[in-house]
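A look at the structure
Here are the chains, one letter per residue:
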Amino acid sequence: MKHFPRTESSIALACATIGLVVAARSPTFAQAPRFRVVEVAPNAFAAIAVPGGDAGSNSGFLITRRGVVVFDSHLTPAAADSLLAQVRARTSLPVRFLINSHFHGDHTHGNGAFPGDVEIISHATTRERLLSDTMPGLRLPTLTFLQRVEFFPTRDSSMIALFSGRGHTDGDVALYDPHRRLLYGGDLLFNRMIPVVRNAYLREWITTLQELHKLDAPTVIPGHGEPGGPEIIVELIEYLRWLTDAAAEATAARIPRDRFLQETRLPDRFRDWGGANRLAANLEKAYDDLASHP
Ligand SMILES: [Zn+2]
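Of regular secondary structure, the chain possesses 8 helices and 12 strands. A buried classification covers 43% of the 294 residues belonging to the chain. For the chain, long-range pairs separated by at least 24 residues make up 59% of all intrachain contacts whose partners lie at least 6 apart in sequence.

If you want it as structure tokens, here you go:
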């Protein structure tokens, strides 16, 4: 497990704490901490969401000589504004691109906070799904792709938005920096948390994660949870294997759905994961998928 310096975060949290103390007397100053910004590599940052806050998910931004590339826009325009303030505190270069890793609102509903000249880029299916999102002021992707897009390639720097197959949704894009050896996974990656699976392709997700693992990035930023290393990918593969194998065995043995849901227990190695309230939905989804496509 890789550890990152917490200096900035400590300051941010200290400020936030002071803010909350002030807020108790004056609601004008109410500002709950949204995220902690961590420099995961030189000029590459991750904003790690504070659980329960309006950031809703992790995001990232990378500063290049040609401008800034942002990965995901959080759950609210206010959280995206805070992220843009964090960018401005570090560079006067403009944000050039915002990547939407997938269509879920906790990664896209901040899009409207980005200036109109910022190109928003996503997988083509992500844009299609966002067409039916009723979030007021939502800005839709202005550029779409199917496989990969490379941003600002030079001899010593580049960033690649990659579609490696379906997984958490049908249009998940990761951002890979081969020089800084970083991988932003969006919701293809949850770190030590039961994942959200309502739009997922569980078995394909495993294959997609195996592809991401081959990139051999020592620094990995998940959509939810703390940044770390490739063990984040390995552990989620292990979880998805357990989930799909359990459901496949149950459906093959014609164990009724109710009994499967009641009797299936999470293995010990996943017991301390967050999001335990999502386990029932995970089991239902796995059973239904495996029952219809054994
Ligand atoms: Zn999601």
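Structure shown, so let's carry the discussion forward.
Core analysis: the biggest nonpolar cluster contains 71 residues, and Val-69, Ile-99 and Ala-174 have the highest contact counts within it. No other element matches the 8 residues that helix H6 (residues 231-252) contributes to this core. Ignoring sequence-local partners within four residues, the contact set of Val-69 consists of Phe-61, Leu-62, Thr-64, Arg-96, Phe-97, Ile-99, Phe-151 and Met-159.

This next bit is on the pairing of strand E5 (residues 95-99). Taken across its 5 residues, E5 has 4 buried, putting it largely inside the fold. For strand E4 (residues 67-71) and E5, the ladder comprises 4 bridges, and the chain directions are parallel. Bridge pairing links Val-69 to Phe-97 in E5. In this view, the connection linking E4 to its parallel neighbour E5 by way of helix H2 (residues 77-88) has right-handed handedness. In the sheet, E5 pairs with strand E6 (residues 119-123) via 3 bridges, with the strands oriented parallel. Bridged to Phe-97 within E6 is Glu-119.

Bringing the sheet that holds E4 into the picture now. As summarised here, the arrangement of the 7 strands in space is E1-E2-E3-E4-E5-E6-E7, forming an open sheet in which the pairing is mixed. Each of the sheet's edge strands pairs with one partner strand only, and the pair in question is strand E1 (35-41) and strand E7 (143-145). Between one strand axis and the next, the sheet turns through 20° on average, direction left out of account.

In space, the 5 strands of this open sheet follow the order E8-E9-E10-E11-E12, with mixed pairing throughout. Because the sheet does not close on itself, it has two edges, and the strands there are strand E8 (148-154) and strand E12 (219-224). Ignoring which end each strand starts from, the neighbouring axes of this sheet average 20° apart. In terms of strand pairing, E8 meets strand E9 (residues 157-162) through 5 bridges, oriented antiparallel. Considered in E9, the bridge of Thr-154 is made with Ser-157. Of the strands in this sheet, strand E10 (174-177) and strand E11 (182-190) touch helix H5 (residues 202-214), which is tilted by about 165° from E11. Across the sheet, H6 touches E11 and E12, and the angle it forms with E11 is around 25°.

Two elements, strand E2 (residues 44-49) and strand E3 (residues 59-64), share 4 bridges in a ladder whose sense is antiparallel. By the bridge assignment, Ala-46 is partnered in E3 with Gly-60. In the sheet, E3 pairs with E4 via 5 bridges, with the strands oriented antiparallel. Counted as the bridge partner of Phe-61 is Val-70 from E4. The hairpin formed by E3 and E4 contains 2 residues between the paired strands.

Relative to each other, H6 and helix H8 (residues 279-292) sit at 55°, their axes nearing to 8 Å. Overall, the two elements H6 and H8 adopt an arrangement that is oblique. Relative to H8, H6 is oriented so that their crossing is right-handed. Packed against H6, whose contacting residues are Leu-243, Thr-244, Ala-247, Ala-248, Ala-250 and Thr-251, the element H8 presents Asn-282, Ala-286, Tyr-287, Leu-290 and Ala-291 at the interface.

Criteria and thresholds
- Residues numbered from 1 in each chain as written.
- Predicted model: local features only at pLDDT ≥ 70, side-chain atom pairs only at ≥ 80, totals over all residues.
- Helix = DSSP H or I, 4+ residues; strand = E, 2+ residues; numbered from the N terminus.
- Buried ≥ 20, exposed ≤ 12 C-beta atoms within 10 Å, placed from the backbone.
- Contact = placed C-beta atoms within 7 Å.
- Core = buried A, V, L, I, M, F, W, Y, C linked by C-beta atoms within 7 Å.
- Pairing = 2+ DSSP bridges.
- Right-handed = clockwise from strand over helix to strand, strands pointing away.
- Axes fitted to C-alpha atoms, helices over the stretch in contact; angles between N-to-C directions.
- Parallel < 35°, antiparallel > 145°, perpendicular 65-115°, else oblique.
- Left-handed = near helix turned anticlockwise from the far one by under 90°.

Purely spatial values, then, with no claim about function.
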